[in-house]
Amino acid sequence: QVEVVESGGGLVQAGGSLRLSCAASGRTFSYNGWYRQAPGNLCELVAGISSDGSTNYADPVKGRFTISRDNAKNTVYLQMNSLKPEDTAVYSCKAVTFRGRSYWGQGTQVTVSS
């Protein structure tokens, strides 16, 4: 079974930085996405990266967040800079295989204090 393992969440003050990591079973995937959900809100896509390296970002995080992949470590990262209180949410990683099957990580809490 494919296992997605996330790490890097925590508590940080506004203006600070965090880096989230997502590793999955030593495999490469057609697509990886970081999603977030805050209480009372729907789950939303934050950033995504495809196997060809192309990326996309939600408007609220453009210029502050960067998604990247380290193929040697089979790991996808989300570098989050200039964090704001409104970034507070549970962040989850989705990995999509070349067959189109999706796998999710357990989610990690990111809390940004003012």
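Keep in mind that what you see is a predicted model, and the values were worked out from it rather than measured.

1. Focus: the state of the cysteines
If you walk through the whole model with that rule in mind, you get one disulfide. The disulfide partner of C22 is C93, and the gap between their sulfur atoms is 2.1 Å. The disulfide joining C22 to C93 has a torsion of about -80 degrees about its S-S bond and is therefore left-handed. Separated by 71 residues along the polypeptide, C22 in strand β3 (residues 18–24) and C93 in strand β9 (residues 89–96) bring together distant segments of the chain. Neither C22 nor C93 differs from the other in exposure class; each is buried. Just so you know, C43 is unpaired, no disulfide at all, and the nearest cysteine sulfur is the one on C93, 12 Å from it.

The rules behind each value
Residues numbered from 1 in each chain as written. Predicted model: local features only at pLDDT ≥ 70, side-chain atom pairs only at ≥ 80, totals over all residues. Heavy atoms only, no water. Disulfide = S-S within 2.5 Å. Helix = DSSP H or I, 4+ residues; strand = E, 2+ residues; numbered from the N terminus. Buried < 20%, exposed > 50% of the residue type's maximum accessible area, 1.4 Å probe, protein only.

No statement about biological role is implied by the geometric values presented.
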